[in-house]
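A closer look at the structure
Each chain, letter by letter, is given below.
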Amino acid sequence: MWPVYGHNTAVHLLQRTLPSPLADNSSQRGFGGPRHAYLLVGAQGIGKSTLAQVYAQALLCTEPSDRPCGVCRSCRLIRSGNHPDFRLVAPVDREGAVDRSAGLLRVEQAATIIRDSILSPLEGRYKIFLLQDMQQANESFANKLLKTLEEPPAHVILLLTATERTQLLPTIVSRCQVIEMQPIAPTVIEQALGQHWQAEPKQAQLLARLAGGRLGWAVTQLHNAKFDAERQEQLEALWRLAAANRIQRLAFSEQTAAKGSQPQLFNMLELWTTWWRDVLLAQANCIDACSNIDLREEIARQAAHLSQETVQKYIQTLKRIEGYLHHTTNTRMALDVLLLQLPRIV
Ligand SMILES: [Zn+2]
């Protein structure tokens, strides 16, 4: 059993590639052995890096069976981030500090990977690189990395993660085995939060439903002391704006846009989308399936005020504007549209 919640298909696929422990120490690339590059694709917080790290542990584990054992020297070194044959490469800011939200994978990092990959592994039979958030690779990083992907040394395994494969160069994608990570069922997330992270039952249930299949997101929020207050504030803003006039809505848009297109804005839009989906569920008499399980009364109240068509149309607007905000610098204009089209509930 791998220490991974959900993702059964991906886990089975990777488990089948583990080389036989009876084989000699030279790296194997034949039938059943690992490929030289995998691309794990899925939403932020869905568990791509967790799975990649467990796979690396399994490949380098020195136990004869049930790899990764979790306790051998190699498994422990990977967990503590100190294994000489396992490198984690994440987007960095201009000064070289890890910045997963706004940083880039830069050409200097690709040069280091190429230099490292030529050297033989020090302890295990493989040298494994986990490259996080390939959608944030700049063009020179991607182009330089391609050389290693085209002719990798036999002992090198590259594990790439990305939120969407369409954001990567097709030449990179085509050289990897792509593994699409599926959302984890809310019941599995709820159980994991309770058992592994000691969440209170009510909190585990709410976070599991809001997580959209991303256990990593749920765990982050569980440890975020401001989560409840921020959620409350973002939902109350939504309800207030639904009752507000045009001038008040545009004033909110102006204030929000002034803060720029930061992660908090996307969190708010995500929560708002979840909210309107809940309203739609209530309108379809499926309120028990809603995400904001603690606010069923307010969901039902709003559902009764609007037509299904209005809510559906607004969910589409939210999705469109969210996509637009990832690429535009004109946050203000996008938010104006979003606020002016918000259904009116008095
Ligand atoms: Zn081990």
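Residues numbered from 1 in each chain as written. Predicted model: local features only at pLDDT ≥ 70, side-chain atom pairs only at ≥ 80, totals over all residues.

**Quick look at the sheet that holds strand S2 (residues 86–89)**
Definition in use: By this definition, two strands are paired if DSSP reports at least two bridges between them. Counting from the N terminus, the helices are the DSSP runs of H or I reaching at least four residues and the strands are the DSSP runs of E reaching at least two. Axis lines are fitted to C-alpha atoms, over the contacting stretch for helices. Their N-to-C directions set the angle, which ranges from 0 to 180 degrees.
Here we have five strands laid out as an open sheet, ordered S2-S3-S4-S1-S5, and parallel in their pairing. Pairing within the sheet leaves two strands with one partner each, and these edge strands are S2 and strand S5 (177–180). With direction set aside, neighbouring strand axes in the sheet form an average angle of 15 degrees. Direction of pairing for strand S3 (residues 127–131) relative to strand S4 (residues 156–162): parallel, over a ladder of five bridges. Bridge pairing links Ile 128 to Ile 157 in S4.

**Re the pairing of strand S1 (residues 37–41)**
The side chains of a regular strand alternate between both faces of the sheet. Spelled out, the test is: In this scheme the burial state of a residue depends on its C-beta neighbours within 10 Å: 20 or more other such atoms mean buried, 12 or fewer mean exposed, and anything in between means partly exposed; the C-beta positions come from the backbone.
With respect to burial, S1 is a largely interior element, five of its five residues being buried. Alternating positions in S1 separate into two faces, Ala 37, Leu 39 and Val 41 on one and Tyr 38 and Leu 40 on the other, with burial throughout. Note that S1 and S4 share five bridges and pair parallel. Looking at the pairing, Leu 40 lines up with Thr 161 of S4. Relative to S5, S1 runs parallel, the two being bridged by four bridges. Counted as the bridge partner of Leu 39 is Val 178 from S5.

**So, the nonpolar core**
The tendency in soluble globular proteins is for nonpolar side chains to be buried side by side. Using the following cut-off: Put simply, a nonpolar core is a cluster of buried Ala, Val, Leu, Ile, Met, Phe, Trp, Tyr and Cys residues tied together by C-beta atoms within 7 Å. Note on contacts: residues are paired as contacts if their backbone-placed C-beta atoms lie within 7 Å.
Formed by 45 residues in total, the largest nonpolar core has its most connected members in Leu 40, Tyr 55, Ala 56, Ile 128, Leu 159 and Leu 160. No other element matches helix H2 (residues 48–60), which puts eight residues into this core. The contact partners of Leu 160, leaving out residues within four places of it in the chain, are Ala 37, Tyr 38, Leu 39, Leu 131, Met 134 and Cys 176.

**Some words on the domain arrangement of the protein**
Where we set the bar: Residue ranges for the domains originate in an automatic or database domain assignment. Three classes are used: nonpolar for Ala, Val, Leu, Ile, Met, Phe, Trp, Tyr, Cys and Pro, charged for Asp, Glu, Lys and Arg, and polar for all others, with Gly counted as polar.
Here the protein is described as being made up of domain 1 (8–180), domain 2 (186–224) and domain 3 (228–340). Taken together, the contacts link five residues of domain 1 with six residues of domain 2. Class assignment for the residues of the side of domain 1 that touches domain 2 results in two nonpolar, three polar and no charged.

**Concerning unusual backbone geometry**
Cis geometry marks the peptide bond from Arg 67 to Pro 68; its omega dihedral reads 0 degrees. Tracing the chain through its elements places Pro 68 in the loop between H2 and helix H3 (73–79).

**Looking at the environment of Val 11**
Its location among the elements puts Val 11 in helix H1 (residues 8–15). In sequence terms Val 11 and Leu 206 are 195 residues apart; their C-alpha atoms lie 27 Å from each other. Those residues in contact with Val 11 that lie beyond four places of it in its chain are Trp 2 and Val 4.

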